[in-house]
Amino acid sequence: MSPALLETGPGDAAATLLLAHGAGAPMDSDWMDGMAAALAGAGVRTLRFEFAYMAARRTGAPARPPPRAEALAGEYRAAVAAARSAGPLLIGGKSMGGRVASLVADELFAAGRIAGLVCLGYPFHPPGRPERLRTAHLATLHAPALICQGERDPFGTRADVAGYRLSPAVTPVFLPDGDHDLRPRRASGHTHAGNLAAAARHVAAFAAAQRA
């Protein structure tokens, strides 16, 4: 069954980003709405979808923990099959959604189905557990990938990421003083809206590079 897709942004956009949610919030959470609006402002069309466990919550089903990322790969493939884009299609997501996208990126890229991968706050490791890395596949990734990460993200800080072995296809960019939601502290002088807008500009530039 194909998932419902929530479209935001210009219909004639040069590129479309298929965007999955994080582990605990739906596709229309405040964060996802804000990010989609920022992407639209940068000229990127987004298609958002929900994994079945999250969509079930809308029917009153008990809230259950998400399945393992690997178990959601098939649902991501189904969303790609349902997505329509006049230009290049990028896949990605917030946190867990980006991780699931990263697991299917190479096969879809090799098949010519997608142009690249965008992760917004990649969960490199669980907070407080830096030894439990989720980076093995990122070391050999062939699909072009952009990771927009907060500098102080507890799932992988800027200092953490500097020590990881990542494929040359992966480009990490860091949002100033951002946490896992790219939100900076007030004293930093930066704003959440500013960081979301900056991330959207990075995504737009990345999308344009895949069209070149």
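Here is what the cut-offs are and how they apply
Residues numbered from 1 in each chain as written. Predicted model: local features only at pLDDT ≥ 70, side-chain atom pairs only at ≥ 80, totals over all residues. Heavy atoms only, no water. Helix = DSSP H or I, 4+ residues; strand = E, 2+ residues; numbered from the N terminus. Buried < 20%, exposed > 50% of the residue type's maximum accessible area, 1.4 Å probe, protein only. Areas by Shrake-Rupley, 256 points an atom, 1.4 Å probe, with all protein chains shown as cover. Lys, Arg positive; Asp, Glu negative; His and termini not counted. Charge placed at Lys NZ, Arg CZ, Asp CG, Glu CD. Core = buried A, V, L, I, M, F, W, Y, C linked by side-chain atoms within 4.5 Å. Contact = heavy atoms within 4.5 Å. Pairing = 2+ DSSP bridges. Right-handed = clockwise from strand over helix to strand, strands pointing away. Phe/Tyr/Trp six-rings, centres within 6.5 Å; stacked < 30°, edge-to-face > 60°. Lys NZ or Arg CZ within 6 Å of the ring centre and 35° of its normal. Expected span 1.5 Å × (residues − 1). Arc of directions from axis to C-beta. Axes fitted to C-alpha atoms, helices over the stretch in contact; angles between N-to-C directions. Parallel < 35°, antiparallel > 145°, perpendicular 65-115°, else oblique. Left-handed = near helix turned anticlockwise from the far one by under 90°. Nonpolar A, V, L, I, M, F, W, Y, C, P; charged D, E, K, R; others polar.

1. Examining the overall build of the chain
Moving on, step 1. Broken down by element type, the chain carries 6 helices and 7 strands.
Moving on, step 2. The order of helices and strands in the chain, counted from the N terminus, is β-β-α-β-α-α-β-α-β-β-α-β-α.
Moving on, step 3. Overall, the chain is about 45 × 45 × 35 Å in size when its C-alpha atoms are taken along their principal axes.
Moving on, step 4. Each of the 212 residues in the chain was classed as buried or not, and the buried ones make up 49%.
Moving on, step 5. For the chain, the exposed area adds up to about 9,300 Å²; of that, 55% sits on carbon and sulfur atoms.
Moving on, step 6. Positive and negative side-chain charges of the chain, numbering 22 and 17 respectively, have mean locations separated by a distance of 2 Å.

2. What to know about the nonpolar core
Moving on, step 1. If you look at the biggest cluster of nonpolar residues, it comprises 37 residues, and the most contacted ones within it are Leu18, Phe51, Tyr76, Val80, Ile91, Leu117 and Phe124.
Moving on, step 2. In this structure isoleucine 91 touches Leu17, Leu18, Tyr76, Val80, Ala101, Val104, Ala105, Leu108, Ile114, Gly116, Leu117 and Val118, once residues within four positions along its chain are discounted.
Moving on, step 3. In this structure, Met32, Ala38, Leu39 and Ala200 belong to the second largest nonpolar core, which totals 26 residues.

3. Considering the pairing of strand S2 (residues 16-20)
Successive side chains on a regular strand alternate, one facing one side of the sheet and the next facing the other.
Moving on, step 1. Counting buried residues in S2 gives 5 out of 5 residues, a clear majority hidden from the surface.
Moving on, step 2. Neither face of S2 is open: one carries Thr16, Leu18 and Ala20, the other Leu17 and Leu19, and all of them are buried.
Moving on, step 3. Examined bridge by bridge, S2 and strand S3 (residues 45-49) share 5 bridges and lie parallel to one another. Across the sheet, residue alanine 20 finds its bridge partner in S3, namely phenylalanine 49.
Moving on, step 4. Taken together, S2, helix H1 (residues 30-41) and S3 form a β-α-β motif whose crossover is right-handed.
Moving on, step 5. For S2 and strand S4 (residues 89-94), the ladder comprises 5 bridges, and the chain directions are parallel. What sits directly across from leucine 18, in S4, is isoleucine 91.

4. Things to note about the packing of aromatic side chains
Moving on, step 1. Scanning the model with the defined rule gives 5 aromatic pairs in all.
Moving on, step 2. Taking the centre distance of 5.2 Å and the plane angle of 75° together, the rings of phenylalanine 49 and phenylalanine 51 count as edge-to-face. Side by side, phenylalanine 49 and phenylalanine 51 carry an identical accessibility label, which is buried.
Moving on, step 3. Ring-pair connections join several aromatic residues into one group, and the members of that group are Phe49, Phe51 and Tyr76.
Moving on, step 4. Stacked on the ring of tryptophan 31, the Lys or Arg lysine 94 has its end atom at 5.1 Å from the ring centre.

5. Side note on H1
Moving on, step 1. With 12 residues, H1 extends 16 Å between its outermost C-alpha atoms, agreeing within 8% with the 16 Å of an ideal straight helix rising 1.5 Å per residue.
Moving on, step 2. Among the residues of H1, those classed as buried are Trp31, Met32, Met35, Ala36, Ala38 and Leu39. Projected down its long axis, H1 carries its buried residues within an arc of 160°, all on one side. Seen from the open side of H1, the exposed residues pointing more than 90 degrees away from its buried face are Asp30 and Gly41.
Moving on, step 3. Against the buried residues of H1 lie strand S1 (6-8), S2, S3, S4, strand S5 (116-120) and helix H6 (192-211).
Moving on, step 4. Backbone geometry just downstream of H1 places glycine 43 in the positive-phi region, at approximately 90°.

6. Focus on the environment of arginine 113
Moving on, step 1. Residue placement: arginine 113 occurs in the loop between helix H4 (96-110) and S5.
Moving on, step 2. Since its relative accessible area comes to 42%, arginine 113 is described here as partly exposed.
Moving on, step 3. Every residue in contact with arginine 113, bar those within four places of it in the chain, is listed here: Val80, Ala81, Leu89 and Leu108.

7. Overview of the packing of H1 against H6
Moving on, step 1. Where H1 meets H6, the axes come as close as 8 Å, and the angle between the chain directions of the two elements is 55°. Of the possible angle classes, the one that applies to H1 and H6 is oblique. Note on packing geometry: the crossing formed by H1 with H6 is right-handed. Between H1, through Trp31, Gly34, Met35, Ala38 and Leu39, and H6, the contact on the second element is made entirely by His192, Leu196, Ala197, Ala199, Ala200 and Val203.
Moving on, step 2. Counted by class, the contact of H1 with H6 contains 9 nonpolar, 2 polar and no charged residues.

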